[in-house]
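A closer look at the structure
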Amino acid sequence: MIEFKGEISKRSKKILLKKQMGYSVFAMMMFLAITVPPIVLLAVYINLFYIYFLFLIVFGGLALLLNPLYSVNPPSQVEIEDGVIYITCRYGVKSRDIIDVKKVIDYGESYYIAFHFAHLHLSCICQKDLIVQGTIEEFEELFKLYIVRKDGK
């Protein structure tokens, strides 16, 4: 078992926010790509009244984009046991299988775990100095095929 527990640093929070903003931009673009064309077609071919719905759609897209800024939810505990990663945040505990890991980005002081189908949980960062059970070597051995080294800037 490997366990990270405690409040992450400002630098780790910044990394987490940057990753979440990237996912939010992608979600907003997909939302707008799916919803705007039908509204425009309704407005052009049926009634211009439908163009007012674009304001609601754009507002929804902006809400998706700004979501990480007003709902910051960094993990307070990450446990890795029996092939499962348990992530404890303010809103409860979520779990993902290790086989769902896409890559583990080493930023020096922390690891950001990126999952396939990230919409199921985005906030998995493990700060190295918060390890309370297991070792960094065990963590790196477990994820040796997935680790990508970055400088964290």
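Residues numbered from 1 in each chain as written. Predicted model: local features only at pLDDT ≥ 70, side-chain atom pairs only at ≥ 80, totals over all residues. Heavy atoms only, no water.

Let's shift gears to the pairing of strand 2 (residues 77-81). Buried residues dominate strand 2, accounting for four of its five residues. For strand 1 (residues 2-5) and strand 2, the ladder comprises four bridges, and the chain directions are antiparallel. Of the residues in strand 2, the one forming a bridge with E3 is E79. Sheet topology places strand 2 next to strand 3 (residues 84-89); five bridges connect them, and they run antiparallel. Each residue of the ladder has a partner; that of I80, found in strand 3, is I85. Here strand 2 folds back onto strand 3, and the loop between the two strands holds two residues, one of which, D82, carries a positive phi near 50°. (Buried < 20%, exposed > 50% of the residue type's maximum accessible area, 1.4 Å probe, protein only. Helix = DSSP H or I, 4+ residues; strand = E, 2+ residues; numbered from the N terminus. Pairing = 2+ DSSP bridges.)

So, on to the pattern of salt bridges. Taken as a whole, this structure holds seven salt bridges when the rule is applied. As a salt-bridge pair, E7 and K13 come within 3.1 Å of each other at their nearest N and O atoms. Note that D106 and R149 form a salt bridge whose closest N and O atoms lie 2.4 Å from each other. With D106 in strand 5 (residues 101-106) and R149 in strand 9 (residues 147-149), this residue pair connects regions lying 43 residues apart in the sequence. (Salt bridge = Lys/Arg side-chain N within 4 Å of Asp/Glu carboxyl O.)

Another aspect to go through is empty space enclosed by the protein. Under the counting rule described, the total for this entry stands at one cavity of 30 Å³ or more. When its volume is computed, the largest cavity comes out at roughly 50 Å³. For the largest cavity, the full set of lining residues is F4, K5, G6, I8, P75, S76, Q77, V78, I125, C126, Q127 and L130. Residue assignment for the lining of the largest cavity shows that the elements contributing at least two residues are strand 1, strand 2 and strand 7 (125-127). In terms of residue count, the dominant contributor to the lining of the largest cavity is strand 7 (three residues). Counted by class, the lining of the largest cavity contains seven nonpolar, four polar and one charged residues. (1 Å grid on protein atoms, 1.4 Å probe; cavity = no way out; pocket = protein on both sides within 12 Å on 5 of 7 lines; lining within 4 Å. Points joined across faces, edges and corners; volume = space filled by probe spheres on them. Nonpolar A, V, L, I, M, F, W, Y, C, P; charged D, E, K, R; others polar.)

A word on the sheet that holds strand 9. One open sheet holds the four strands; their spatial order is 7-6-5-9, and the pairing between them is mixed. Sheet topology places strand 7 and strand 9 at the edges, where each strand pairs with a single neighbour. On average, adjacent strands in this sheet sit at an angle of 25° to one another, irrespective of strand direction. Direction of pairing for strand 5 relative to strand 9: parallel, over a ladder of three bridges. Of the residues in strand 9, the one forming a bridge with D106 is R149. Its contacts with the sheet place helix 1 (residues 10-45) against strand 5, strand 6 (110-115) and strand 7, and it is angled at close to 20° to strand 6. (Axes fitted to C-alpha atoms, helices over the stretch in contact; angles between N-to-C directions. Contact = heavy atoms within 4.5 Å.)

Two numbers describe a pair of aromatic rings. These are the distance of the centres and the angle of the planes. A full pass over the atoms with the stated rule returns six aromatic pairs. An aromatic cluster of at least three residues, connected via ring pairs, comprises F4, Y111, F139, F143 and Y146. (Phe/Tyr/Trp six-rings, centres within 6.5 Å; stacked < 30°, edge-to-face > 60°.)

Here we take up a positive patch on the surface. A surface patch of like charges, here positive, comprises K14, K18, K102, K103 and K150. Where the positive patch is concerned, the elements lending two or more residues are helix 1 and strand 5. Here K150 lies in the segment after strand 9. (Patch = residues over 30% accessible without salt bridge, like charges linked within 9 Å, V, L, I, M, F, W, Y side chains within 5 Å. Areas by Shrake-Rupley, 256 points an atom, 1.4 Å probe, with all protein chains shown as cover. Lys, Arg positive; Asp, Glu negative; His and termini not counted. Charge placed at Lys NZ, Arg CZ, Asp CG, Glu CD.)

Another aspect to go through is the sheet that holds strand 1. Sheets are built from strands that pair by backbone hydrogen bonding, the pairs being arranged parallel or antiparallel. Taken in spatial order, the five strands of this open sheet run 4-3-2-1-8, and their pairing is antiparallel. Sheet topology places strand 4 (92-97) and strand 8 (131-133) at the edges, where each strand pairs with a single neighbour. Strand-to-strand twist across the sheet, computed as the mean angle between neighbouring axes with direction ignored, equals 20°.

Remember that the coordinates give geometry; whether it matters functionally is a separate question.
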